[in-house]
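Okay, here's what each chain looks like letter by letter:
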Amino acid sequence: MPGLVSVKTPPDTAPLRILLPEEQQIQPHTETLDIKNHKAVSPLPRRTPSPSPSTSRIRPSPDRNSGRKKTPEKPKIDESSLDNPDLGPFLLKLARDTIASNDSPIKALDFAIRASKSFERCAGEGEPSLDLAMSLHVVAAIYCSLGRFEEAIPVLERAITVPDSSRGSDHALAAFSGYMQLGDTYSMLGQLDRSISCYESGLKIQMEALGGTDPRVAETCRYLAEAHVQAMQFDEAEKLCNKTLEIHREHSSPASLEEAADRRLMALICEAKGDYESALEHLVLASMAMIANGQESEVAAIDVSIGDIYTSLCRFDEAVFSYQKGLTVFKSTKGDHHPSVALVFIRLADLYYKTGKLRESKSYCENALRIYSKPVPGTTAEEIASGLTEIAAIYEAVNEHEEALKLLQKAMKLLEGSPGQRSTIAGIEAQMGVMFYMVGRYMEARNAFESAVMKLRASGERKSAFFGIVLNQMGLACVQMYKIDEAAELFEEARGILEQECGPCHLDTLGVYSNLAATYDAMGRVEDAIEILEYILKVREEKLGTANPDVDVEKKRLAELLKEAGKARNRKGKSLENLLDSNSQRIKKEGTKRWSAFGFKT
């Protein structure tokens, strides 16, 4: 099965609430640096846990009620009066009242912009104005509510330059809030690297103000760890999650809800890194904490996550038992048609496919599709799209490619126009590209991969291993269309990324080397092709031993190329076909195994 995947969106997405800071929030005596009102989720290319280990990263979505209610126009205020120091607070209050009354956000935006101008005019020369910073935060929040994230960016960049953190906790709060809000906005645009950089700056300010062991620092560390998980930076995520656990153990009672949330996130990280036993241990401890706190639905969700680990360990009977436990609770507490029930059906379908029980697998897929066809109120488009993507992966695995493509197209249609879903759509397009390739529709495959690559570049994921794999698959589609020069460029870029992210001896990297050698041979660059194949053979001999069948295959390929190198330049063009990685399908399948730990399936 090809190692290309789709990225799922957590199901806990909440509608946007424009959170406007109150004047009291910036006073020194208040609880400062609380991030709970500044959390967003960015698309993460992994399988969503059931449910996600933390609901802290909630992505806002545009306000769909914008402009529905009509109210009498408020009297216009002369711009020349903005020098009045009483006007800024008055305009900011009008902006708040407009939003609270569900009035037009455009009107609220106008009030907030003029308030910020008034605060800026009235601020002393060189003096940081907290009122100005607060009004800029409000302006940016309204822009985001309208889906105008690009316009919010410069406003927030201006806001973080206003406070002076050395002047006390109120300034530190303003700077912290600005960085977190800016990170959330970058997250909505799919720019994870910039988002993480902003969160790190906010965490640094928070730790300087509160110290490294404050419980609020733990919340920010977990928040940043989740962002690293979504960016597939698991080592950094693990360090932050360990710090969060240490702080909560110090300040919270044993088996607290905070510790349970930390352990669920740590289980996700361990699963992604292939450490299934540690993941299972964290989930069991989290389940015990939830039971002690009477969280029945959360215990059921953890049971489903435990089932995922048992499936990864091939302990299928225990996995079925865990899934059925969770399914029973979900049905009794949420109803037979809740998306949580559909999610368990998909997990069972995948398990039965892996154990060869295809009839049971298809039956569970159909049950899940019935739920998604008539979603209950409150079901989000992201939940349905992620479920359809997983079902498509199962249909593809049983060679029902056309049905799988239909489901993926439905998933894409659901996500069109949704903010922050660029990477998710790119993952779906890559998955479609794989299926087009498998059925011999190479032009459509190349177009799907090209669209995915463009979105991933725009999202700042051009250095991820997933991006390298997509480039490799696009190169293979180009080879089938005899676009050899384009294929060589794609393989070269994929090689550079995978060498950096996975190392030169990784299986995926070696697969790209092999494809690149074949392409070089087809282009007449025989010496380059020989050099690459000699390196591949050396690595395989060191890792697998000289008696391994894969090593024998590489020896034969190299011997053939060396033999042809002694001939005239008009050798037969069949060398491209012969030298293309004969194990490409196996490599794709093994790539799928590696990715499936954090949610990627084809």
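Here, every reference points to the structure presented above.
In this report, the structure presented in the accompanying data block is examined. Note that the structure is a prediction, hence the values are computed from the model and not measured. (Residues numbered from 1 in each chain as written. Predicted model: local features only at pLDDT ≥ 70, side-chain atom pairs only at ≥ 80, totals over all residues. Heavy atoms only, no water.)

**Looking at the overall build of the protein chain**
Reasoning step 1: Counting its secondary structure elements, the protein chain contains 25 helices and zero strands.
Reasoning step 2: Classification of the 602 residues of the protein chain by burial places 56% in the buried group.
Reasoning step 3: Across the protein chain, every contact between residues at least 6 apart in sequence was considered, and the portion connecting residues at least 24 apart equals 68%.
Reasoning step 4: In the form shown here, the protein chain has an accessible surface area of approximately 25,700 Å², with 50% of it arising from carbon and sulfur atoms. (Helix = DSSP H or I, 4+ residues; strand = E, 2+ residues; numbered from the N terminus. Buried < 20%, exposed > 50% of the residue type's maximum accessible area, 1.4 Å probe, protein only. Contact = heavy atoms within 4.5 Å. Areas by Shrake-Rupley, 256 points an atom, 1.4 Å probe, with all protein chains shown as cover.)

**A word on the pattern of salt bridges**
Reasoning step 1: Within this structure, the stated rule accounts for 27 salt bridges.
Reasoning step 2: Two residues, arginine 167 and aspartate 164, come together in a salt bridge whose shortest N-O distance is 3.5 Å.
Reasoning step 3: By relative accessible area, arginine 167 is classed as partly exposed at 43%.
Reasoning step 4: Note on aspartate 164: relative accessible area 28%, which makes it partly exposed. (Salt bridge = Lys/Arg side-chain N within 4 Å of Asp/Glu carboxyl O.)

**Focus: the packing of helix α7 (residues 215-230) against helix α9 (residues 257-272)**
Reasoning step 1: Where α7 meets α9, the axes come as close as 11 Å, and the angle between the chain directions of the two elements is 20°. With respect to α9, the axis of α7 lies roughly parallel. In this structure, α7 meets α9 at a crossing whose hand is left-handed. Touching Glu219, Arg222, Ala225, Glu226 and Val229 of α7 are Glu258, Ala261, Asp262, Leu265, Leu268 and Ile269, all from α9.
Reasoning step 2: Of the residues belonging to the contact of α7 with α9, the class tally is six nonpolar, no polar and five charged. (Axes fitted to C-alpha atoms, helices over the stretch in contact; angles between N-to-C directions. Parallel < 35°, antiparallel > 145°, perpendicular 65-115°, else oblique. Left-handed = near helix turned anticlockwise from the far one by under 90°. Nonpolar A, V, L, I, M, F, W, Y, C, P; charged D, E, K, R; others polar.)

**Re the packing of aromatic side chains**
Reasoning step 1: Under the definition given, this model contains five aromatic pairs.
Reasoning step 2: Ring geometry for phenylalanine 345 versus tyrosine 364: centroids 5.7 Å apart, planes at 40°, classification tilted. Taken together, the residues phenylalanine 345 in helix α13 (residues 339-354) and tyrosine 364 in helix α14 (residues 358-373) connect sequence positions 19 residues apart.
Reasoning step 3: Residue phenylalanine 345 is classed as buried on the basis of its relative accessible area of 9%.
Reasoning step 4: With a relative accessible area of 17%, tyrosine 364 lands in the buried category.
Reasoning step 5: Above the plane of the ring of tyrosine 520 lies arginine 525, whose end atom (NZ or CZ) is 3.9 Å from the centre. (Phe/Tyr/Trp six-rings, centres within 6.5 Å; stacked < 30°, edge-to-face > 60°. Lys NZ or Arg CZ within 6 Å of the ring centre and 35° of its normal.)

**Let's talk about the packing of helix α18 (residues 442-458) against helix α19 (residues 465-480)**
Reasoning step 1: Look at α18 against α19: their axes get within 9 Å of each other, and the N-to-C directions meet at 150°. Classified by the interaxial angle, the pair formed by α18 and α19 is roughly antiparallel. In the crossing of α18 with α19, the sense of the turn from one axis to the other is left-handed. Contact residues: Tyr442, Ala445, Arg446, Phe449, Glu450, Ala452, Val453, Leu456 and Arg457 in α18; Phe466, Phe467, Val470, Leu471, Gln473, Met474, Ala477, Cys478 and Gln480 in α19.
Reasoning step 2: Classifying every residue of the contact of α18 with α19 by side-chain character gives 13 nonpolar, two polar and three charged.

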